[in-house]
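If you want the building blocks of each chain, they are given just below.
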Amino acid sequence: MGKFKEVFLKNTWYENPVFVLVLGICSTLAVTNNLKNTFIMTIGVMLVTGFSNLTVSLLKNLIPSKVRMITQVLIISFYVIIVDIILKAYLPDVSKALGPYVGLIITNCIIMGRAEAFAQSNPPLISFWDGITSGFGYMIVLVTIAFFRELLGFGTIFGYKVMPGNFVNWTIMIMPPSAFFMLALFIWIVKGFKKEGAK
Amino acid sequence: MNPNINPLVLFFASIFTSNILLSNFLGMCSFISISKSLKSSNGLGMAVTMVMTITTAINWLVEKYVIVPFQLEYLRYIIYIIVIAAVVQILEMVIDRTAPNLYISLGIFLPLITVNCAILGVALFMQLRNYTLLQSIFFGLGSGLGWWLAIVLLAAIRIKVDKAPIPAPLKGVGITLITIGIMAMAFMGFAGMINVQ
């Protein structure tokens, strides 16, 4: 069990894919102005990372190394299509709001990175866990950003009004630039904390 | 959404007002990691523009003549990504034969483009908004040029920023993201001129 805990801590804190490695921030930054969409999107990413890691790890001895990359991309697209179909069937409004960004999970570099760096050389179960926790590390950051953006931009959380009536919405928070500012702020704070810990 | 939009309007809109990078957040990973040097940014920008224009046109044809008639909509993502990977591979061979100097200057950036989300993103937007072939080509070319412009600008800014006194935890990625945010705000200033959604 020690190894599972180690992988968990590594993926969510010490080597968090977003604020340490700066990977995969493309497709989801665009939907972080709404907590619900972010939540569903990141769960999708988490599942895709987990299962594609599992599959890559199971098939690693069967895939010739020359066609490794394209096979990994195909495995990832397979799971993304499943996520897309499930969303279309059960959450059509969310699926519509996310638009092309569900398909863009395929090119999320975290998933490809984990498949290549971890699943390719590790047994299936731990690879699955590695994928899930990487996705979780990603989720923490994006949900935090989405929380502040929705709170300040719309005055709501999960669509419920929480700010007092005389609160003026910060329109900038729902526009693209604030996603960059929020992520920068997040990285700044986390790095500051990490330095304290190292001393 | 609007099928009657002028392709030229679309072209300028995708460079400035709805820049694929600054307003749709696509192609961020390579944008942040490559923009440390002006020269490689230029190479990558060129490669992205080239691949984006070609793949958007091919994906449009594939969408119209393969995916829709054979009802393969559920395989759309896989088909698009295969087309992109194939185009990159072919382009790599063609450039190697015809323009070895360009091939050397593009180097590792050409194969890396397969996993650049901006390429797939443009194809998906093109399909979602029902563009015609001509509109798609201008949209692809404009988005590529917009991406190129943004990465070269950022690389030039980063050279100066590197020399500035910045709090240690903000160094590197942090300040780069803030710079991108300010750039995004500046590009938003164009929004009043043309609007495409």
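Values in this document were obtained by computation on a predicted structure and should not be read as measured data. (Residues numbered from 1 in each chain as written. Chains lettered and ligands numbered in written order. Predicted model: local features only at pLDDT ≥ 70, side-chain atom pairs only at ≥ 80, totals over all residues. Heavy atoms only, no water.)

1. Notes on the overall build of chain B
Phase 1 of the analysis: Along chain B, the regular secondary structure elements total nine helices and zero strands.
Phase 2 of the analysis: Order of helices (α) and strands (β) in chain B, N terminus to C terminus: α-α-α-α-α-α-α-α-α.
Phase 3 of the analysis: The C-alpha atoms of chain B give a radius of gyration of 17 Å, which matches the 16 Å a tight globule of 197 residues would have.
Phase 4 of the analysis: The dimensions of chain B, computed from C-alpha atoms along their principal axes, are 60 × 45 × 30 Å.
Phase 5 of the analysis: Scored against the burial criterion, the 197 residues of chain B give a buried share of 54%.
Phase 6 of the analysis: In chain B, once contacts between residues fewer than 6 apart in sequence are set aside, the share between residues at least 24 apart is 79%.
Phase 7 of the analysis: Accessible surface for chain B amounts to roughly 8800 Å². Of this, 70% is attributable to carbon and sulfur atoms.
Phase 8 of the analysis: Across chain B, the mean location of the 10 positive side-chain charges is 13 Å away from that of the 5 negative side-chain charges. (Helix = DSSP H or I, 4+ residues; strand = E, 2+ residues; numbered from the N terminus. Rg over C-alpha atoms; globule rule 2.2 N^0.38 Å. Buried < 20%, exposed > 50% of the residue type's maximum accessible area, 1.4 Å probe, protein only. Contact = heavy atoms within 4.5 Å. Areas by Shrake-Rupley, 256 points an atom, 1.4 Å probe, with all protein chains shown as cover. Lys, Arg positive; Asp, Glu negative; His and termini not counted. Charge placed at Lys NZ, Arg CZ, Asp CG, Glu CD.)

2. Section: the nonpolar core
Phase 1 of the analysis: In terms of nonpolar packing, the biggest core is built from 104 residues, with Leu 183 of chain A together with Met 28, Phe 31, Ile 113, Trp 147, Leu 177 and Ile 180 of chain B touching the most fellow members.
Phase 2 of the analysis: Aside from chain neighbours lying at most four places away, what touches Phe 31 of chain B is Leu 21, Trp 147, Ala 150, Ile 151, Leu 154 and Ile 180 of chain B.
Phase 3 of the analysis: The next biggest cluster of nonpolar side chains, apart from the first, holds six residues, and it includes Met 46, Ile 132, Met 139 and Val 143 of chain A. (Core = buried A, V, L, I, M, F, W, Y, C linked by side-chain atoms within 4.5 Å.)

3. A short note on helix α9 (residues 173-188) of chain B
Phase 1 of the analysis: Between its first and last C-alpha atoms α9 of chain B spans 22 Å; for 16 residues at 1.5 Å apiece the expected length is 22 Å, and the two agree.
Phase 2 of the analysis: Along α9 of chain B, the positions that sit buried rather than exposed are Val 173, Gly 174, Ile 175, Thr 176, Leu 177, Thr 179, Ile 180, Gly 181, Met 183, Ala 184 and Phe 187 of chain B. (Expected span 1.5 Å × (residues − 1).)

4. Quick look at the environment of Gly 181 of chain B
Phase 1 of the analysis: Along the polypeptide, Gly 181 of chain B turns up in helix α9.
Phase 2 of the analysis: Taking the C-alpha atoms as reference, Gly 181 of chain B lies 33 Å from Ile 82 of chain B; in sequence the two are 99 residues apart.
Phase 3 of the analysis: Look past the residues within four positions of Gly 181 of chain B in its chain and what remains in contact with it is Pro 177, Phe 180 and Phe 181 of chain A.

5. Some words on helix α7 (residues 124-154) of chain A
Phase 1 of the analysis: Between its first and last C-alpha atoms α7 of chain A spans 43 Å; for 31 residues at 1.5 Å apiece the expected length is 45 Å, and the two agree.
Phase 2 of the analysis: Taken from the residues just after α7 of chain A, Gly 155 of chain A is the one with a positive phi, measuring 75 degrees.

6. Quick notes on the UniProt feature "transmembrane region" (unreviewed entry) in chain B
Residue and element names in this part refer to chain B.
Phase 1 of the analysis: In this structure's numbering, the residues bearing the UniProt feature "transmembrane region" (unreviewed entry) are residues 12-32, 44-62, 74-95, 102-125, 137-161 and 173-194.
Phase 2 of the analysis: Structurally, residues 74-95 comprises 91% helix and 0% strand, and the distance from its first C-alpha atom to its last is 33 Å.
Phase 3 of the analysis: This span, residues 102-125, is 75% helix and 0% strand, and a straight line between its end C-alpha atoms measures 30 Å. (UniProt positions renumbered as here; feature names shortened; annotations may be inferred.)

7. Quick look at the interface of chain A and chain B
Many descriptions give the size of an interface as the accessible area lost when the pieces come together.
Phase 1 of the analysis: If you look at the interface, chain A gives 38 residues, while chain B gives 40 residues.
Phase 2 of the analysis: With both chains or domains summed, chain A and chain B bury close to 3200 Å², and 86% of this area falls on carbon and sulfur atoms.
Phase 3 of the analysis: Remark: the boundary between chain A and chain B carries zero salt bridges.
Phase 4 of the analysis: Where chain A touches chain B, the interface holds two residue pairs in polar contact (both at pLDDT 80 or more).
Phase 5 of the analysis: Broken down by secondary-structure element, the contributors of at least two residues to the side of chain A that touches chain B are α2 (26-29), α4 (68-90) and α8 (176-198) of chain A.
Phase 6 of the analysis: The leading source of residues in the side of chain A that touches chain B is α8 of chain A, at twelve residues. (Buried area = accessible area lost by both parts, 1.4 Å probe. Salt bridge = Lys/Arg side-chain N within 4 Å of Asp/Glu carboxyl O. Polar contact = N/O pair within 3.5 Å; in protein donor to acceptor, adjacent residues only side chain to side chain.)

8. Observations concerning the environment of Asn 169 of chain A
Phase 1 of the analysis: Tracing the sequence through the fold places Asn 169 of chain A in the loop between β2 (160-161) and α8.
Phase 2 of the analysis: If near-sequence neighbours (up to four positions away) are discounted, Asn 169 of chain A is found in contact with Leu 152, Gly 153, Phe 154 and Gly 155 of chain A.

9. Details of the packing of helix α7 (residues 117-128) of chain B against helix α8 (residues 133-161) of chain B
Residues and elements named next belong to chain B.
Phase 1 of the analysis: Interhelical geometry of α7 versus α8 gives an angle of 150 degrees and a closest axis separation of 10 Å. Like other packed secondary-structure pairs, α7 and α8 cross with a definite hand, here right-handed. In this structure, α7 uses Ala 118, Val 122, Phe 125 and Met 126 to contact α8, whose residues at the interface are Ser 136, Phe 139, Gly 140, Ser 143 and Trp 147. (Axes fitted to C-alpha atoms, helices over the stretch in contact; angles between N-to-C directions. Left-handed = near helix turned anticlockwise from the far one by under 90°.)

10. Concerning the pattern of salt bridges
Phase 1 of the analysis: This model, assessed by the stated rule, comprises five salt bridges over all chains.
Phase 2 of the analysis: We note a salt bridge from Glu 116 of chain A to Arg 68 of chain A, for which the minimum N-O separation is 2.6 Å. Taken together, the residues span a long stretch of sequence, with Glu 116 of chain A in helix α6 (residues 109-117) and Arg 68 of chain A in helix α4 at a distance of 48 residues.
Phase 3 of the analysis: Note on Glu 116 of chain A: relative accessible area 27%, which makes it partly exposed.
Phase 4 of the analysis: Judged by its relative accessible area of 21%, Arg 68 of chain A falls in the partly exposed class.
Phase 5 of the analysis: In this structure, Glu 63 of chain B and Arg 76 of chain B form a salt bridge, with 3.1 Å as the shortest nitrogen-oxygen distance. Of this pair, Glu 63 of chain B sits in helix α3 (residues 38-67) while Arg 76 of chain B sits in helix α4 (residues 76-98), and the two are 13 residues apart along the sequence. Of the two residues, Glu 63 of chain B and Arg 76 of chain B, both sit in the buried class.

11. Here's the deal with the packing of aromatic side chains
Phase 1 of the analysis: Considering all chains together, one arrives at 14 aromatic pairs over all chains under this definition.
Phase 2 of the analysis: With a centroid separation of 6.1 Å and an interplanar angle of 25 degrees, the aromatic rings of Phe 8 of chain A and Phe 136 of chain A are classed as stacked. Pair noted here: Phe 8 of chain A is in helix α1 (residues 2-14) and Phe 136 of chain A is in helix α7, with a separation of 128 residues, a long-range link.
Phase 3 of the analysis: Where Tyr 101 of chain A meets Phe 125 of chain B, the ring centres are 6.2 Å apart and the plane angle is 80 degrees; that geometry is what we call edge-to-face. Taken as a pair, Tyr 101 of chain A in the loop between α5 (92-98) and α6 and Phe 125 of chain B in helix α7 lie in two separate chains rather than in one.
Phase 4 of the analysis: Clustering of aromatic rings is evident, with ring pairs tying together Phe 4, Phe 8, Trp 129 and Phe 136 of chain A. (Phe/Tyr/Trp six-rings, centres within 6.5 Å; stacked < 30°, edge-to-face > 60°.)

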